[in-house]
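Coordinates in review
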Amino acid sequence: FRSSLQQFPISAVKIDGEAVRDIEYSLARRAPLRSTALALHTLNVDVIVEGVESAKQAEILSLIRLYSQQGDFYAPPMQPNRLEESLPQIGRST
């Protein structure tokens, strides 16, 4: 796995939100995230996780060293023109 990944100029990987679904209820759903995070961190690849919808999911991901997170928990999807006006509010709702 490691030698295969090292062949590509990868600096970051984004994990789809489907991988995050139900991690707060299932240890089996966490195991692939944990092993993926470990492998990618070993290769100095940044990991971004999509689809974070709750504080519990964010906490679990942080415990397995997946700190770069996106999802409705942090901010809902929005049009680019609304982004600038919403920036001061993002992060204060937690």
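For the structure itself, look to the data block above.
A few points on the structure. (Residues numbered from 1 in each chain as written. Predicted model: local features only at pLDDT ≥ 70, side-chain atom pairs only at ≥ 80, totals over all residues. Heavy atoms only, no water.)

Most peptide bonds adopt trans geometry, and most residues besides glycine take a negative phi value. Its identity is not glycine, yet Asp-22 carries a phi of approximately 70°, on the positive side. Tracing the chain through its elements places Asp-22 in the loop between strand 1 (12–15) and helix 2 (27–42). Residue Asp-22 is classed as partly exposed on the basis of its relative accessible area, which comes to 31%. Backbone geometry at Asn-44 places phi at a positive 60°, although glycine is not the residue there. (Helix = DSSP H or I, 4+ residues; strand = E, 2+ residues; numbered from the N terminus. Buried < 20%, exposed > 50% of the residue type's maximum accessible area, 1.4 Å probe, protein only.)

Across the sheet, three strands lie side by side as 1-2-3; this open sheet has parallel pairing. The two strands at the open ends of the sheet, each matched to only one other strand, are strand 1 and strand 3 (68–69). Across four bridges, strand 1 lies against strand 2 (residues 46–49) in parallel orientation. Looking at strand 2, one finds that Lys-14 is bridged to Ile-48. (Pairing = 2+ DSSP bridges.)

With that out of the way, let us pick up the nonpolar core. Of all hydrophobic cores here, the largest spans 16 residues; its most connected members are Ile-23, Leu-33, Val-49, Leu-61 and Leu-66. For this core, the elements supplying multiple residues, two or more each, are helix 2, strand 2 and helix 3 (55–63). (Core = buried A, V, L, I, M, F, W, Y, C linked by side-chain atoms within 4.5 Å.)

This paragraph deals with the pattern of salt bridges. Counted according to the given criterion, the structure contains three salt bridges. A salt bridge links Glu-18 to Arg-21; the nearest nitrogen and oxygen atoms lie 2.6 Å apart. The class for Glu-18 is partly exposed, based on a relative accessible area of 42%. Look at the salt bridges and you will find they share partners, linking Glu-18, Arg-21 and Asp-22 into a network. (Salt bridge = Lys/Arg side-chain N within 4 Å of Asp/Glu carboxyl O.)

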